[in-house]
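Architecture and fold: a report
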Amino acid sequence: MENTGLPSMDPQAKKSRGKHPPTTKSSKRLGRNKTPPPPSPLCASPASEAADLAVAIVHNPADSHASPPASVKYEIYEENEFDMNDDMTKSEPSQLHEGPTEKEVSDAATPDSGRVTARRGKKKKAAALSPNATVTKRGRAKRAQCWQHYSVVKAISKRDRKKVEKAKCKYCGRLFAYTPGGQTSSLNRHLLKCKPYISTQGRLLSQGMLHYDPEKPGSSLTVAPVQYDHEATRKIIAKMIIVHAYSFRMVEHTWFNVLMNHMNPSYKFIGRKTIRNECMKVYESEKELLKIKLKDVESISLTCDLWTSNQNLCYMALVAHYIDSDWAMQCHVLNFIELDPPHTGNVIAQAVFECIVDWKIEDKIISITMDNASSNDVAARNLMAKFVARKTKGFVPSYFHVRCCAHIVNLVVNDGLQPLQPLVSNLRETVKYMKKSPSRMYKFLEVCKSMNLTIGAGLCLDVSTRWSSTYKMFDCCIPYRAAFTEYGQTDYNYKWEPSYQDWTLYSKMQPILKAFADVTKVLSGSVYPTSNVFYPYIMSVKIALVEACNSGDRDMKKMAEAMMAKFDKYWEEKNNVMVIATVLDPRFPVVSKMGRKFLTIPATSVSSESTFSTGGRVLDDYRSALHPAMVEALVCASNFIRGSKNDNKPLVIKQLDDDDDVELVPFPDPVEEIS
């Protein structure tokens, strides 16, 4: 006999087929005195069901890509409701009451739970349950195949506004009346005309996804069926929001949902509260993965810095640097936490140590790099005492505290640049003046053309707190020094023309300033070791200062002596860890294997400062009400997801994109007159 997927029928049952069954008390009580409905099409075998669906799609191909009918209304539950006054400082759990979990289904499928006791004390044989069976609150499984495509949810009744149980289609979201133990005819009929369901089944029959792993030798192409996975989609959207600092409300935007439904008609609406909770889940899962990686790391160096947000809250960034098993430099933001006032050294030290203990890396720390604030000196001493008390093997107290080289360079240069302040101020105001009016830029461009000057991309405006950006402004503007003078003779409102004496003084100081700029650029990297190049670059700066101090030019000598005084103040006490790292240069692999832990020590705290740029994007003016815990999750998870593995490339210095610390004011495109 052909196996049709239907239960077999004994001869006695065949004789009575088509007749009404005898009425009994139990059947009256259960309401089963009526003729049973004809078998549902969904009770057929999977092969026949697939064939019917395929024929339906062939006769009406438009249905395979059709959108849900306009009459279908998606039920918005409490977790997805459009509450414009939502408090973004809270993180409520999901309140959607869906069907049972897989554990409940598996529990219901055990032999003990599958047996029910009859009134006469006998046990009926347990029925086999489908893997996708749905279980009621009392533990009884729903055996109808249609429950593979529906879930039981709680919705608000339109009649009495009370919460009632309804059956929700997993494809179009339509709700149907549901009574436990009732018939499922309406559910079966809906599937026959549910366009998203038919489209999905059609793709499963005719479409697949090719998988090929080029990294595995001898791997072959495999075809896997394509099916919409709502959980995976929600996770991908959460990662997109984290990495690109998008708003949570983006998932509720009309055209985002139009796009997602166009890409897949089975897409289900996601509310901002749901995606916010999903972002927290992503952060927790990525954090656990990083914890597992850190278990195999031998030595970790830290950088730490403080930042005040637009909420007037102080945040502390703690970043870990280490070399993994593939000899790739890794840099991860461990914490981005709110620091309660007062921001003393003791408070900073305690906060750092608590973060280290939470990550379970207290026996792996070898150094911490911080700027030269007095509170950081106190924090470093307190942390050093804690690690010494632990008697960690391999911990050397004299190597622990590393002063930020970039911060020291900035202090040294600023002290020596006092005579050049008029030039710095005039150049800043000149660039701002040109930037405010396109007509001025056109006029200045014409002056440059008349003088046959080589025209670049534009002018640069520096960031006053970053010395390297000031040097870039000098370097960009000096080719136009003659054009500034000529332009000043045609524009009487222009009052910031640099003097000849200022340009002459800068020309004398340019070699020293270039040496400082090169040091800042090289030592600000975070994806390659910097401790091994610290001394060569610092010594080049000192040699330039010594030559300037011995110069016969009075102005040059005065500036060099001021820089040398500040230089000796911070680097008079030598940190031998930088000397060791210089000897163990990674460009010599045999030697560098002996100093893996010394090469992880960063010479600057730039990695912590760059984290504040991410924090500034997360805490913009539109998201300033985010709770600090959510801010930490978004900032850290963004770093975890992006990663910093350098594709196992050799640990050597590479050119960085250093245009982020200056503002380029571009020249306008030339306007050609039509004759």
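The following paragraphs examine the structure supplied in this document. (Residues numbered from 1 in each chain as written. Predicted model: local features only at pLDDT ≥ 70, side-chain atom pairs only at ≥ 80, totals over all residues. Heavy atoms only, no water.)

With respect to the nonpolar core
Put simply, the rule is: Within this scheme, the nonpolar core is defined by two criteria: the residues are buried Ala, Val, Leu, Ile, Met, Phe, Trp, Tyr or Cys, and they are joined through side-chain atoms within 4.5 Å. Residue exposure (1.4 Å probe, protein chains only): buried if accessible area is under 20% of the type maximum, exposed if over 50%, otherwise partly exposed. A helix here means a DSSP run of H or I that spans at least four residues, while a strand means a run of E at least two residues long, and both kinds are numbered starting from the N terminus. It only takes one pair of heavy atoms within 4.5 Å for two residues to be counted as in contact.
Judged by nonpolar contacts, the single largest core of 74 residues is most densely connected at Phe444, Trp467, Phe484, Ile512, Leu513, Phe516 and Phe534. Looking at this core element by element, the count peaks at twelve residues for helix H17 (residues 500-523). Leave out the neighbours within four places in its chain, and Phe516 touches Val409, Val412, Val413, Trp467, Val541, Leu545 and Met563.

What about empty space enclosed by the protein?
The criterion, for reference: Using a 1 Å grid laid over the protein atoms alone, points where a 1.4 Å probe fits but cannot get out form a cavity; open sets with protein on both sides within 12 Å along at least 5 of 7 lines form a pocket; any residue with an atom within 4 Å of a point counts as lining. Grid points are joined across faces, edges and corners, and a volume is the space filled by probe spheres set on the points. Under the scheme applied here, ten amino acids are nonpolar (Ala, Val, Leu, Ile, Met, Phe, Trp, Tyr, Cys and Pro), four are charged (Asp, Glu, Lys and Arg), and all others, including Gly, are polar.
Taken as a whole and assessed by the stated rule, the structure comprises three cavities of 30 Å³ or more. Of the volumes computed, that of the largest cavity is approximately 60 Å³. As for the largest cavity, its lining consists of Ile366, Gly394, Val396, Tyr399, Lys597, Phe598 and Ile601. Here the lining of the largest cavity is composed, by residue class, of five nonpolar, one polar and one charged.

Some points on the sheet that holds strand E3 (residues 150-156)
Backbone hydrogen bonds are what pair the strands of a sheet, in a parallel or an antiparallel way. In plain terms, the rule: Whether two strands pair comes down to DSSP finding at least two bridges between them. Only the stretch in contact is used when a helix axis is fitted, and all axes are lines through C-alpha atoms; the angle between N-to-C directions ranges over 0 to 180 degrees.
One open sheet holds the three strands; their spatial order is E3-E4-E5, and the pairing between them is antiparallel. The sheet terminates laterally at E3 and strand E5 (175-177), the two strands that pair on one side only. Across the sheet, the mean angle from the axis of one strand to that of its neighbour is 45°, orientation sign disregarded.

With respect to helix H24 (residues 628-642)
Counted only if it meets this: To estimate the expected span of a helix, subtract one from its residue number and multiply by 1.5 Å.
Over its 15 residues, H24 runs 21 Å from end to end, which matches the ideal 21 Å to within 8%, given 1.5 Å per residue. The buried count for H24 comes to twelve of 15 residues, which makes it a mostly enclosed element. By the burial criterion, the buried members of H24 are Pro628, Met630, Val631, Glu632, Ala633, Leu634, Val635, Cys636, Ala637, Ser638, Asn639 and Phe640. Just past H24, the residue Gly643 takes up positive phi, approximately 70°.

A look at the packing of aromatic side chains
Under the convention used in this document: Here a Phe, Tyr or Trp ring, Trp counted by its six-membered ring, pairs with any other such ring whose centre lies within 6.5 Å, and the pair is stacked when the planes are under 30 degrees apart, edge-to-face when over 60, and tilted otherwise. Charges are assigned to positions over rings by a cutoff of 6 Å between ring centre and Lys NZ or Arg CZ, combined with an angular limit of 35 degrees from the ring normal.
For the structure on display, the rule yields 25 aromatic pairs. Where Tyr150 meets Phe176, the ring centres are 6.0 Å apart and the plane angle is 80°; that geometry is what we call edge-to-face. Here the residue Tyr150 occupies a position in strand E3, and Phe176 occupies one in strand E5, the gap between them amounting to 26 residues. Given the relative accessible area of 1%, Tyr150 is considered buried. For Phe176, a relative accessible area of 11% corresponds to the buried category. Both rings, one in Tyr283 and one in Phe640, keep their centres 6.4 Å apart while their planes meet at 10°; by these two values the pair is stacked. With Tyr283 in helix H9 (residues 272-294) and Phe640 in helix H24, this pair connects stretches of sequence that are 357 residues apart. By relative accessible area, Phe640 is classed as buried at 9%. An aromatic cluster of three or more residues is present, and its members are Tyr433, Phe444, Tyr480, Phe484, Tyr487, Tyr494, Trp496 and Phe667. Between Lys386 and the ring centre of Phe353, over which it is positioned, the NZ or CZ distance is 5.3 Å. The ring of Tyr433 has Arg440 lying over it, and the distance from NZ or CZ to the ring centre is 3.8 Å.

Digging into the environment of Leu417
Along the chain, the position of Leu417 falls in the loop between helix H12 (405-416) and helix H13 (421-435). What makes Leu417 buried here is its relative accessible area of 3%. Linking Leu417 and Ala560, residues 143 residues apart in sequence, is a C-alpha distance of 9.6 Å. Among residues more than four places away in sequence, those in contact with Leu417 are Trp467, Leu513 and Met563.

A word on the sheet that holds strand E8 (residues 300-308)
Pairing in this open sheet of five strands is mixed, and the strands run E10-E9-E8-E11-E12 from one edge to the other. On the outer flanks of this sheet lie strand E10 (329-338) and strand E12 (401-403), each paired with one strand and no other. The mean angle between the axes of side-by-side strands here comes to 25°, regardless of whether they run parallel or antiparallel. As judged from the eight bridges shared by E8 and strand E9 (residues 314-323), these two strands associate in the antiparallel manner. Note on E9: the bridge partner recorded for Trp307 is Tyr315. Its contacts with the sheet put helix H11 (residues 374-390) on strand E11 (365-370) and E12, and the angle it makes with E11 is roughly 175°.

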